[in-house]
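Coordinate analysis (summary)
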Amino acid sequence: MNKTTLLLAGLFACTASAEPVITDFKVLGLTDAEHTGTNNYRYSQATQQNQAGDVIGYSQRRNSSNNNSEGQSAWQAVDGVTTRLGYTDSAHTGSNNYQYSRAIAQNESGTVIGYSDRRNSSNNNFEGRTAWVAENGAMTQLGFTDSAHTGTNNYQVSYARDINDAGDVIGESDRRNITTNSYEGRSAWQYSNGTTTRVGLIDAEHTGTNSYQSSLTEFQNQAGDVAGYSERRNSSTNAGQGRSAWQAVDGVTTRVGLTSAAHTGSNNYQYSRIQAQNEAGNLIGYSDRRNSSSNAFEGRDAWQVVDGVTTQVGLTDSAHTGTNGYRTSYAQFQNEAGDVAGTSDRRNSSTNAGEGRSAWQAVDGVTTKIGLYDSEHTGSNNYQNNWLGYQNEAGHVVGYAQRRDSSNNYQGHSVWQAVDGVTTRLGIFDAEHTGTNNYQRSYVRGQNELGDVIGHSERRNSSNNSHEGQTAWYWDLSAAVMYTFNLPNAVNALTGYSYSIFNVINDAGVALGRYSFFDSNNNQQWRAMGFTVNDGFFDLGSILEDSLTDFDLLALYDATYLNDSGQFVGRAYDQNNSTSMVYQATIQLARAPNLVSSVAAPQVLVFIALLMLLMLSRRDSSFTWFKR
């Protein structure tokens, strides 16, 4: 069959009525004797999946005689093969064979960072923590282990925080007194190409008595720029004097944040914190406003640093300023274009009383107020409260607004999305999802790069406002359509209770989660479910290509991680009906995306003819489908 025939077959297939299928099913985790208790008890959990489909997680260690916990083991699964990670030597093994390891993160190459507890082999006492990086099965210890970072009985604690795709790792190591084992702060570091470099601020302003110094890493981009903070200490008394924010580029640490008189209290108190760093190295954060005489807290100013230049962001008008110039703003999200989204507290200019908060977005230096501020979301004294959930690379922002009556009583909260400064309310508002006094409450669970949003709305009894579950929904931005969960056997016939929730959405528009399935006797079981715009809602177990009994499983319980290739990870009931097993599978959509199926029939024929001519004239070219 030539390329043109294959293409035509695909075009016609996308208009047919069909379901997606789940293939390539695998059970992950450690299932040997060390990880199996009495009655065949096993419990594994996945914690991350990358775009290549590599999965990291942990499995509980159990005593096979009495099912007592003996710690947990870290693992990575590649192509369905699970490999244990972490240190298991005598320094990391306590009494009764207790071992505890955790995989923290992995990059797109599958290099993993984590830690293993150090344990006393006689009494199982905790003796610190060893940070490590695992690459191609080889374990390398991370952090500082010299005398400044070692206490009595060889006590050492290191943390690995993050790894980028170049393999650079950031973290900290506890500073310990080698005689008394007393805590003396932390040293921040970056591991790159086999070399560990200390980062952070260690000058006199950041050093207390007994050489106390404490710095923490918080962010690292793909270029290896590191951002974090260092504690400010009084060199005579070791009293805390706030925190300084910093960025380390090529090993050189530079302080950032606002340090003017308005941001400095008595005894030189200053407090700054970084909220995010993008790939260009631009930072957002905040600095405390302090009274220079009393050190009284007078709010916070949000800022953005671009190419070393700091610009204040946020709302500073009279509605957001209290007495004595009190104001508070937070910059929470920053994308690669430099769009910033945040919130500013609303204050009474006469009494300084809090009147909620406003959400905003700053694009190219222009700040726009976003969110919901109509009568349903405004209480007495003009109380309004909006906050943020997500911002994507296109600058679409999703957030929440509290619902208030005229007496300022709380009536739930609404979800909204702001696109180009225009806010749209999302969620389900019908009678099944409205309680007494017009109570409604919705939540957002994620947003992809298309601007599609997943969330759920609570089901409420209209007579007594009792909670009766929740309904998952999917917002298709391009079509401005809200899809509501609607699988069969999802409502308890006796009580009306129903529960569905999305956990994840990818950029192809696939959303996965779980729902409550009720049998004929109204007995509940959790089931994994999914949604696409073309396919609607579907039960993942019902479209599985393989039989679950082949894997000693009863049902798919949930779906929690999903990459853009359609590989997903979740939990499953084993034959003992416990949610203890981790699985990985691939969802293959039965129909191509909306590009063709949304076109009228005559246009489809014209489109096909043009494609045939194109394919005949360029026989070696390839064709790629895009969503929408």
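Residues numbered from 1 in each chain as written. Predicted model: local features only at pLDDT ≥ 70, side-chain atom pairs only at ≥ 80, totals over all residues. Heavy atoms only, no water.

Here the focus is the packing of aromatic side chains. Geometry of an aromatic ring pair is reported as the spacing of the ring centres plus the angle between the planes. Here the structure, examined in full by the defined rule, presents 19 aromatic pairs. Considering the side-chain rings of Tyr183 and Tyr212, the 6.2 Å spacing of their centres and the 75 degrees angle between planes classify their relative orientation as edge-to-face. Highlighted residues: Tyr183 in strand 12 (residues 183-192) and Tyr212 in the loop between strand 13 (195-199) and strand 14 (213-220), separated in sequence by 29 residues. For Tyr183, a relative accessible area of 35% corresponds to the partly exposed category. According to the relative accessible area criterion, Tyr212 is buried, its value standing at 8%. (Phe/Tyr/Trp six-rings, centres within 6.5 Å; stacked < 30°, edge-to-face > 60°. Helix = DSSP H or I, 4+ residues; strand = E, 2+ residues; numbered from the N terminus. Buried < 20%, exposed > 50% of the residue type's maximum accessible area, 1.4 Å probe, protein only.)

What follows deals with the nonpolar core. Grouped together as the largest cluster of nonpolar side chains are 21 residues, with contacts concentrated most on Ile22, Phe25, Leu512, Leu540, Leu556, Phe568 and Tyr583. Only strand 1 (21-28), strand 38 (553-562), strand 39 (567-574) and strand 40 (579-588) provide two or more residues apiece to this core. Sequence-distant contacts of Leu512, defined by excluding residues within four places in its chain, comprise Phe502, Asn503, Val504, Met529, Gly530, Leu540, Ala559, Leu562 and Phe568. Within the second largest apolar cluster, 15 residues are counted, among which are Ala472, Leu487, Ala490 and Phe502. (Core = buried A, V, L, I, M, F, W, Y, C linked by side-chain atoms within 4.5 Å. Contact = heavy atoms within 4.5 Å.)

The next point concerns the layout of surface pockets. When its volume is computed, the largest pocket comes out at roughly 1200 Å³. Lining the largest pocket are 43 residues, with Glu108, Gln222, Glu279, Glu393 and Glu449 sitting closest to its centre. Of the residues assigned to the lining of the largest pocket, the class counts are 11 nonpolar, 22 polar and 10 charged. (1 Å grid on protein atoms, 1.4 Å probe; cavity = no way out; pocket = protein on both sides within 12 Å on 5 of 7 lines; lining within 4 Å. Points joined across faces, edges and corners; volume = space filled by probe spheres on them. Nonpolar A, V, L, I, M, F, W, Y, C, P; charged D, E, K, R; others polar.)

With that settled, the discussion passes to the environment of Phe568. Mapped onto the elements, Phe568 comes out in strand 39. Between the C-alpha atom of Phe568 and that of Ser64, which follows or precedes it by 504 residues, the distance is 31 Å. Every residue in contact with Phe568, bar those within four places of it in the chain, is listed here: Ile22, Gln49, Leu512, Leu540, Ala559, Tyr561, Leu562, Tyr583, Gln584, Ala585, Thr586 and Ile587.

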